[in-house]
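So you can see what is in the structure, the chains are spelled out below.
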Amino acid sequence: MLKLLKRLNKKEWLTIAVSVLFITAQVGFELAIPGYMTQITTALETKGTTAATILRPGAVMLLYSLLSMASSVIVGYLAAHIAAGFAARVRGQVFDRVMAYSTADINRFSIPSLLTRSTNDITQVQMIIAMGMQVLIKAPITAVWAITKIANKGWQWTTATGAAVVVLVLMLTVILTLVQPKFKRVQRLTDRLNLVTRENLNGIRVVHAFNAEDYQNKKFDQANQELTGTNLFANRVLGLMNPGMSLISNGLTLAVYAIGASLIQAASGAAKLTLFSNMIVFSSYALQVIMAFLLLSIIFVILPRVSVSAGRINDVLAVTPSVTYPSKVPAATEPAGTIVFDHVTFRFAGAEAPAITDLSFTAHPGDTIAFIGATGSGKSTVLNLLARRYDVTGGRITIDGVDVKDYPEEALNDKFGYIPQKAVLFSGTIRSNLDYGTGANKPATLADTDLRRALRVAQADDFTSDLDAPVAQHGDNFSGGQKQRLAIARAVARRPEILMFDDSFSALDYATDAKLRQALHQEAKGTTQVIVAQRISTIMDATKIVVLDEGRVAGIGTHADLLAHNKVYQEIAYSQLSKKELA
Ligand SMILES: Nc1ncnc2c1ncn2[C@@H]1O[C@H](COP(=O)(O)OP(=O)(O)OP(=O)(O)O)[C@@H](O)[C@H]1O
C-alpha cells in the first residue's frame, strides 16, 4: 500500500497536510463541547441559575458543533478529491503499462485479472484513501486528545476505560485474524468470476447451440458460490463487530455511572457536585476514545483487503515489458520489404519443446512467402516473431537488413499490414475501420479513392457501397467472410512494406480467394507477402513455400519443387486437391 502511495504527487501531499489541520480543528471543537456541558450541569445544580446563564455555554456548544461539521465537510471534500484524482491517475498508469506489455506479459496475468486490477482493485484503494484520510488521521488525534482530557478525573474511571479498550483490542484481534485470509481469497475469486463470465459471454452462441446452459450455469454457480461463501463468512464475522462495540461502549457508560454513583454517595457537600459534573464529562470523553478505536478498527478491517489490491496493482506496474524498443530509427541496409530469418529458434515461456526450431529463409521485396503445415506446427508463431510480439530465443530476424529488435515500436509496426486469423473490427463505420491507425505510407486521413481501392483489392466492394455504414462491436453485423475481407482491406489501405496474412483466406470461398490473390498480385506488386494458410490452392503461386512440421522446416521451395520431392507437402497437397488440379 505504501509503495503505491508513493505515487501521490506534491499537490496531493499538500492537500493531505491541509486536511490534517482541518481534522485537528474538527477534533478540537468536538472535544471542547463536553467542557461546556460541565458548565451547564454545574449551573443547573446551583441555586439562582437563570436561563441566560445556560444560554451562553449552550450557544457556544452550538457554534462549535457547526464549526466541527464545517471542518468535517471540508475534509470530506478534500479526501474525495484526492482519492478520485489519485485513482484516475493510477488507472491511467496501469492502462499505459498494460499497453506496453508484450503478449507474453499479458499471458502472465490473464485478461480478466488485468481487468479486475484496473477496476475493482483501484476502487478499493480509492475508497481507503477517501475514508482513511478522515478516519486514520482523526482517530489517533481524538484518542490521544480525549485521554489527556480525562487523565486526572479519577483513577477508577480511567481503569474502567482502560479495561474497555483492552476488551476492544482483543475483540478486534480475533475478528481480524479470522477475516484477513478471506479477503485475499475474495480478490482471487473475483478474478475467477470475471473469467467465467467473460468466457460465457464470448461463447454465448456456442453455449446456446449446444444447449450447454446448464453446464455453463453450474460453472458460473460454482465460481459465484465460492465468492459468496467467502464474502459471507468474512461479513458475518465482521457483523459481530457492531454489537460487540455497542456492548463495550454501553458497558463502559454503565461502569462510569456505577463508579460515579458510589463515589458521589461516599462524598459530601460541594464535592458531590464536582464529582457529578466530572462523571458527565468523563462519560462523553470515554465514548470519544472508544469511538476513535472503533473508527481505527474499521480501517484495520479494510486495510488488509486494500493492501491485497494495492499489491496486485503494484504487480502490474512493476512489470518491465519483456519486449522493449529503442527510440532511434535505424537506417535500412537492404531494400524495403526484405525479410531474413537466420537460424531462428523460439520457445514459449514454460514450454518443454521449442515452437520453432532453426528456421532460416529470405524473402525479397515483392515475394510471396507462404507457410503451410499441420495445426500447431508453428505457422502463426512465425508471424508473431516477425512482428516481435515475442522475442526469439535463438537466431535473428531482420527486416530491410536491420534486426527487428533495433526498431522503435511504431517504426516496426508501420512496416506491416497485419490480418489476424480471427478478423478484429471495431464499432464505428466502415471508414473508421479502414482509416485506422498510422503507417509509414499512410496519410493521416485516407481519401475515398484509397478506401475504394483497398475494398476493391480485398473483394469487399460488393457490400460496402456506403463507406459510412455502421460497423457493430466486433463487426457482428457482417458475416465471417465479410469481416475477413474488411480486415484485409484495412491492411491493404495502409500500403505497407509487408502484408502478413494469418490464415486470413480460410473464411473465403475458393473463387473469392483466387480473385483476391490476383488483385493483390497486381495492386501490391512491391509488397512482400507472408501468408499462413491451410489450403494448398491459396499458396500454390507463392515465390517460396515453407513446410513446417512440429516447428521444424520439413522443406522449402516452390509448389512444383515441393510437390515433386517433399513427402509432407505431398501428403497435404494430395489430401486437398487431385493430381490434375495440382499440376
Ligand atoms: N501462448 C502460448 N503459450 C504456450 N504455447 C503456445 C502458445 N501459443 C501457441 N503455443 C504452442 O506453440 C505451437 C505452435 O502454435 P501456432 O499457433 O504457431 O501453430 P499454428 O501452426 O499456427 O496452428 P494453427 O494452424 O492451428 O493456427 C503449438 O504447439 C501451440 O500449442
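Residues numbered from 1 in each chain as written. Predicted model: local features only at pLDDT ≥ 70, side-chain atom pairs only at ≥ 80, totals over all residues. Heavy atoms only, no water.

### Re the overall build of the protein chain
Step number 1: Along the backbone of the protein chain there are 21 helices and 12 strands.
Step number 2: Across its three principal axes, the protein chain shows a C-alpha extent of roughly 125 × 45 × 45 Å.
Step number 3: Taking all 583 residues of the protein chain together, the buried fraction comes to 47%.
Step number 4: Across the protein chain, every contact between residues at least 6 apart in sequence was considered, and the portion connecting residues at least 24 apart equals 76%.
Step number 5: When the accessible surface of the protein chain is summed, it comes to about 29000 Å², and 60% of that surface belongs to carbon and sulfur atoms. (Helix = DSSP H or I, 4+ residues; strand = E, 2+ residues; numbered from the N terminus. Buried < 20%, exposed > 50% of the residue type's maximum accessible area, 1.4 Å probe, protein only. Contact = heavy atoms within 4.5 Å. Areas by Shrake-Rupley, 256 points an atom, 1.4 Å probe, with all protein chains shown as cover.)

### A word on the sheet that holds strand S3 (residues 368-373)
Sheets are built from strands paired through backbone hydrogen bonds, the pairs being either parallel or antiparallel.
Step number 1: Taken in spatial order, the six strands of this open sheet run S6-S9-S10-S3-S11-S12, and their pairing is mixed. Each of the sheet's edge strands pairs with one partner strand only, and the pair in question is strand S6 (416-419) and strand S12 (552-557). In this sheet, neighbouring strand axes are inclined to one another by 15° on average, regardless of whether the strands run parallel or antiparallel.
Step number 2: Sheet topology note: the S3/strand S10 (residues 528-532) ladder contains four bridges and is parallel. The partner of threonine 368 across the bridge, within S10, is glutamine 529. (Pairing = 2+ DSSP bridges. Axes fitted to C-alpha atoms, helices over the stretch in contact; angles between N-to-C directions.)

### A word on the UniProt feature "domain: ABC transporter" (unreviewed entry) in the protein chain
Step number 1: As recorded in UniProt, the sites labelled "domain: ABC transporter" (unreviewed entry) are residues 339-575.
Step number 2: Spanning residues 339-575, this segment combines 32% helix with 25% strand, and its end C-alpha atoms are found 31 Å apart. (UniProt positions renumbered as here; feature names shortened; annotations may be inferred.)

### Describing a nonpolar patch on the surface
Step number 1: On the surface, Leu62, Leu66, Met69 and Val73 cluster together into a nonpolar patch covering about 420 Å² of accessible area.
Step number 2: Mapped onto the secondary structure, leucine 66 falls in helix H3 (residues 51-100).
Step number 3: By relative accessible area, which is 47% here, leucine 66 ends up partly exposed. (Patch = residues over 30% accessible without salt bridge, like charges linked within 9 Å, V, L, I, M, F, W, Y side chains within 5 Å. Salt bridge = Lys/Arg side-chain N within 4 Å of Asp/Glu carboxyl O.)

### Topic: the site of the ligand
Step number 1: Near the ligand, the surroundings consist of 14 residues, among which Gly376, Gly378, Lys379, Ser380 and Thr381 are the closest.
Step number 2: Serine 377 is positioned with one of its backbone polar atoms (N or O) 3.1 Å from an oxygen atom of the ligand.
Step number 3: Relative to its unbound accessible area of 630 Å², the ligand is 60% covered by the protein chains.
Step number 4: If one sorts the elements of the shell around the ligand by residue count, helix H12 (residues 379-386) sits on top with three residues. (Near = heavy atom within 4 Å. Polar contact = N/O pair within 3.5 Å; in protein donor to acceptor, adjacent residues only side chain to side chain.)

### Quick word on the UniProt feature "domain: ABC transmembrane type-1" (unreviewed entry) in the protein chain
Step number 1: Under the UniProt annotation, "domain: ABC transmembrane type-1" (unreviewed entry) lies at residues 17-305.
Step number 2: Within residues 17-305, the helical portion is 92% and the strand portion 0%, while the C-alpha atoms at the span's ends are 26 Å from each other.

### What about the pairing of strand S4 (residues 394-399)?
Step number 1: One ladder, built from five bridges, connects strand S1 (residues 339-346) with S4; its direction is antiparallel. Each residue of the ladder has a partner; that of valine 340, found in S4, is threonine 398.
Step number 2: Bridging between S4 and strand S5 (residues 402-403) involves two bridges; their strand directions are antiparallel. Counted as the bridge partner of threonine 398 is aspartate 403 from S5.
Step number 3: With antiparallel pairing between neighbouring strands as the criterion, S4 and S5 make up a hairpin whose turn holds two residues, including aspartate 400 at a positive phi of roughly 55°.

### Topic: the packing of aromatic side chains
Step number 1: With the rule as written, the count across this model stands at 12 aromatic pairs.
Step number 2: Ring geometry for tyrosine 101 and phenylalanine 109: centres 5.9 Å apart, planes at 10°, overall stacked.
Step number 3: With relative accessibility at 8%, the residue tyrosine 101 sits in the buried group.
Step number 4: Since its relative accessible area comes to 12%, phenylalanine 109 is described here as buried.
Step number 5: Centroid distance phenylalanine 348 to tyrosine 390: 5.1 Å. Interplanar angle 85°. Geometry classified as edge-to-face. Separated by 42 residues along the polypeptide, phenylalanine 348 in the loop between S1 and strand S2 (356-363) and tyrosine 390 in the loop between H12 and S4 bring together distant segments of the chain.
Step number 6: Classification of tyrosine 390 as buried rests on a relative accessible area of 10%.
Step number 7: Three or more aromatic residues joined by ring pairs form one cluster here, namely Phe29, Tyr36 and Tyr64.
Step number 8: One cation-aromatic arrangement involves lysine 182 over phenylalanine 233; the distance from NZ or CZ to the ring centre is 4.9 Å.
Step number 9: For arginine 535, the ring lying beneath its charged end belongs to tyrosine 510, and the centroid distance is 4.4 Å. (Phe/Tyr/Trp six-rings, centres within 6.5 Å; stacked < 30°, edge-to-face > 60°. Lys NZ or Arg CZ within 6 Å of the ring centre and 35° of its normal.)

### A closer look at the side chain of glutamine 459
Step number 1: Following the sequence through the fold, glutamine 459 ends up in the loop between helix H15 (448-457) and strand S8 (470-471).
Step number 2: Beyond its immediate sequence surroundings of up to four residues, glutamine 459 is in contact with Arg485, Thr512, Lys515, Leu516 and Ala519.

### Observations concerning the nonpolar core
Step number 1: Ranked by internal contacts, the top residues of the largest apolar core, which has 67 residues, are Leu4, Phe86, Val94, Val125, Ile129, Met171 and Ile313.
Step number 2: Of all the elements, helix H11 (residues 270-318) adds the most residues to this core, at 17 residues.
Step number 3: Contacts of isoleucine 313, omitting those with residues within four sequence positions, involve Leu4, Val90, Val94, Arg117, Asp121, Ile122 and Val125.
Step number 4: Grouped together as the second largest cluster of nonpolar side chains are 47 residues, Leu451, Ala460, Leu486 and Ile545 included. (Core = buried A, V, L, I, M, F, W, Y, C linked by side-chain atoms within 4.5 Å.)

### Structural notes on the packing of helix H7 (residues 155-202) against helix H9 (residues 213-239)
Step number 1: For the pair H7 and H9, interaxial distance at closest approach is 9 Å and the crossing angle is 160°. Classified by the angle between their axes, H7 and H9 sit roughly antiparallel to one another. Crossing of H7 over H9 shows left-handed handedness.
Step number 2: A breakdown of the residues in the contact of H7 with H9 according to their chemical character gives 15 nonpolar, seven polar and six charged. (Parallel < 35°, antiparallel > 145°, perpendicular 65-115°, else oblique. Left-handed = near helix turned anticlockwise from the far one by under 90°. Nonpolar A, V, L, I, M, F, W, Y, C, P; charged D, E, K, R; others polar.)

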